[in-house]
Amino acid sequence: MDRVAERILGIETSCDETSAAVLNLRDGRAGLASLVILSQDVHRIFGGVVPELASRAHIRAIVPVVDRALDEAGTTLGDLDGVAVTAGPGLVGALLVGLTYGKTLAWRLGIPLIGVHHLEGHLFAPTLEDPGLAPPFIALLVSGGHTMLLDVPEWGDYRLLGETRDDAAGEAFDKVGVMLGFGYPAGPAIERAAVSGDPARFAFPRPMLGAESDDRFAFSFSGLKTAVLHAVRGSTDLERDRADLARGFQEAVLDVLSAKTAAAAQELGRETVVLGGGVACNRALRERVTDRLSGRARVVVASPRLNTDNAAMIAAAGAWRLARGERSDWSLEPSDRLPFPGLQRGSPTPATR
Ligand code: KG4
Ligand code: ZN
């Protein structure tokens, strides 16, 4: 019989952050004992993540990053009760490094291993700062790879209301960032530039806003990206127009994300809205969603360190699954198409109007 998990090591290597965290569980409450995140700078010069470089950087970093997380938590390998590691989706070569290391540790220590879905990790991130956070809630997951609107009646029961048809919200930020001459990742730079930009100068399209029936919670950002590209090409002075373009683009994204999120909360009668994933670091997004909800639901967002990729959120999601008695076996492999556990697709319940 396994011991009830009390001290969980989390490992995340799905993209360009090598991260490890130690989570202490007491009386069903999770306390973050340490979190180490090493961001790989090497990709900046390429304007995007280069998969093979990411894998190699994870190989160099994984041992010192895990050791440092254990040190900062004042613990040792022998004190661990479980290992939670991202199994997908993500770059397979990158995932393979963390997964193989985590699997080997768990096997060597004779403790349970749990493979975690990266997006379920993002969903659990706010619980690290708000232990009382519990479903039901609406969740907007907005990262570099995904844009999903979910209804969450219970942990482990995720109902997909809508997702992007093409680019993810973060991907749109990053691609527009390249057009505007910002480095990768561009989300934070666009947010900063947008502050001084004129929101009315560039009226970009609000894709899928006003879509009806089954499309009412769906997203699309590729046409918006093209609209920004045309505006950039039409600019005679990009230096002068940069902040206005950044603001115009951000306004369009925030309008669509906030309107659909607020509509979902209203339609399903949820009083809590969780924003997760890297784009949820955007303070203007949080404000726009809060405005749209106008007091009908509270908005919960983790701090930026826990919203961008990190191992603490993986440990939190893994701890919940371990506590339910779930285990991964030693045949666990990474997958770039790992199914989101508990996700129900299909059309959302018909709108009641
Ligand atoms: O969740 P995350 O760290 O990695 C993935 O799982 O993809 O999200 C990274 C994404 C990047 O596209 C980045 O540009 C975006 O989050 N991002 C932001 C902000 N901070 C990070 N987007 C908009 N505003 C921000 N402040
Ligand atoms: Zn992520």
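Rules and cut-offs
- Residues numbered from 1 in each chain as written.
- Chains lettered and ligands numbered in written order.
- Predicted model: local features only at pLDDT ≥ 70, side-chain atom pairs only at ≥ 80, totals over all residues.
- Heavy atoms only, no water.
- Core = buried A, V, L, I, M, F, W, Y, C linked by side-chain atoms within 4.5 Å.
- Buried < 20%, exposed > 50% of the residue type's maximum accessible area, 1.4 Å probe, protein only.
- Helix = DSSP H or I, 4+ residues; strand = E, 2+ residues; numbered from the N terminus.
- Contact = heavy atoms within 4.5 Å.
- Pairing = 2+ DSSP bridges.
- Axes fitted to C-alpha atoms, helices over the stretch in contact; angles between N-to-C directions.

Asker: Explain the nonpolar core here, please?
Answerer: When a protein is soluble and globular, its nonpolar side chains tend to lie buried together. Core analysis: the largest hydrophobic core is formed by 45 residues, its most contacted members being Phe-249, Leu-257 and Leu-275. Sorting the residues of this core by element identifies strand 6 (137-142), helix 4 (169-180), helix 5 (187-195), helix 6 (222-234), helix 7 (238-268), strand 9 (272-276), helix 8 (283-293) and strand 10 (298-301) as the ones contributing at least two each. It is helix 7 that contributes the most residues to this core, eleven residues altogether. Excluding residues within four positions of it along the chain, Phe-249 makes contact with Ala-172, Phe-173, Val-176, Ile-190, Phe-204, Leu-224 and Val-228. Counting 38 residues, the second largest nonpolar core, distinct from the first, contains Leu-150, Val-274, Ile-314 and Leu-322.

Asker: What's the story with the sheet that holds strand 3 (residues 29-39) in this structure? I'm lost.
Answerer: Read from one edge of the open sheet, five strands run 3-2-1-4-5, paired in mixed fashion. The strands lining the two open edges of the sheet, one partner per strand, are strand 3 and strand 5 (113-117). Across the sheet, the mean angle separating the axes of adjacent strands is 20 degrees when strand polarity is ignored. Two elements, strand 1 (residues 7-12) and strand 4 (residues 82-88), share four bridges in a ladder whose sense is parallel. Bridging from a neighbouring strand, Gly-10 pairs with Ala-84 of strand 4. The strands that helix 2 (residues 92-109) touches are strand 1, strand 4 and strand 5; relative to strand 4, the one it contacts most, it runs at about 155 degrees. Along the sheet, helix 10 (residues 311-323) makes contact with strand 1, strand 2 (17-26), strand 3, strand 4 and strand 5, crossing strand 1 at roughly 130 degrees.

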